[in-house]
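Here is what each chain is made of, one letter per residue.
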Amino acid sequence: GELVQVQLDGSQQTFQLEHAVLQLFQWDSEANTALLLIRMQSITQFVEYDLTESTPKIITDKSIQWAQKTADGRLIYKDNLDQFWQPGPIEPLHIAALDNQGDRRNSFVIHNSTIYAISSKHQLWSYNLDNELFSVLSEVSEDVDYLTDVNQTDLLMTIQVAAKKEVVELTLNK
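Analysis parameters
- Residues numbered from 1 in each chain as written.
- Predicted model: local features only at pLDDT ≥ 70, side-chain atom pairs only at ≥ 80, totals over all residues.
- Heavy atoms only, no water.
- Helix = DSSP H or I, 4+ residues; strand = E, 2+ residues; numbered from the N terminus.
- Buried < 20%, exposed > 50% of the residue type's maximum accessible area, 1.4 Å probe, protein only.
- Contact = heavy atoms within 4.5 Å.
- Pairing = 2+ DSSP bridges.
- Axes fitted to C-alpha atoms, helices over the stretch in contact; angles between N-to-C directions.

How should I be thinking about the environment of Thr44 in this particular structure?
Counting through the fold element by element, Thr44 comes out in strand S5 (residues 43-50). By relative accessible area, Thr44 is classed as partly exposed at 28%. Spatially, the C-alpha atom of Thr44 lies 9.4 Å from that of Ile64, the residues being 20 residues apart in sequence. For Thr44, the contacting residues outside a window of four places in its chain are Leu22, Leu37, Ile38, Arg39 and Asp61.

Is there a simple way to explain the pairing of strand S2 (residues 12-16) in this structure?
Remember that side chains alternate between the two faces of the sheet whenever the strand is regular. Pairing of strand S1 (residues 2-6) with S2 involves 5 bridges; the strand directions are antiparallel. When the sheet's bridge partners are listed, Gln5 is paired in S2 with Gln13.

How should I be thinking about the sheet that holds strand S13 (residues 123-128) in this particular structure?
Strands pair in a sheet through their backbones, by hydrogen bonds, and they do so in one of two ways: parallel or antiparallel. Read across the sheet, 4 strands follow the order S11-S12-S13-S14 without closing on themselves; strand pairing throughout is antiparallel. Strands with a single pairing partner mark the edges of an open sheet, and in this sheet they are strand S11 (108-111) and strand S14 (133-139). If you compare each strand with its neighbour and ignore which way they point, the axes differ by 20° on average. Bridging between strand S12 (residues 114-118) and S13 involves 5 bridges; their strand directions are antiparallel.

Shown next as structure tokens:
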């Protein structure tokens, strides 16, 4: 029920929310808003939360896996079926060009008006929202989990270095 903003100097600001926060997708410090998945009256809701007014604006009650906003404020989100959407005037608009490009464990990032992500086939791709141009940029190794950030020249990725599962039997002696 709270979000904590931590500055690089170590100072913190806490925002109390009246709903349980399940996931933070994006925080806009300038507009003082956050894209959140919250539990409201036992229902999971995808909202844009105004941190100044402490009010949620419900976007959808569909199950959302990830969401981001472009620099000019366009909202893009991905549902649990790995389909990409953007809000429309009456109902959400499906971005059909991105069908089969999602991967349940991978998020996406947006730089300017271009979406970047990694597909389940380990391909780094981009999709420009302005001209609707889809491009496969490169192959990536299987240890890349997802993109974390992107700018004009660099990508920041999360890589799985090691995964180990062990089975342990615990026996209690009297």
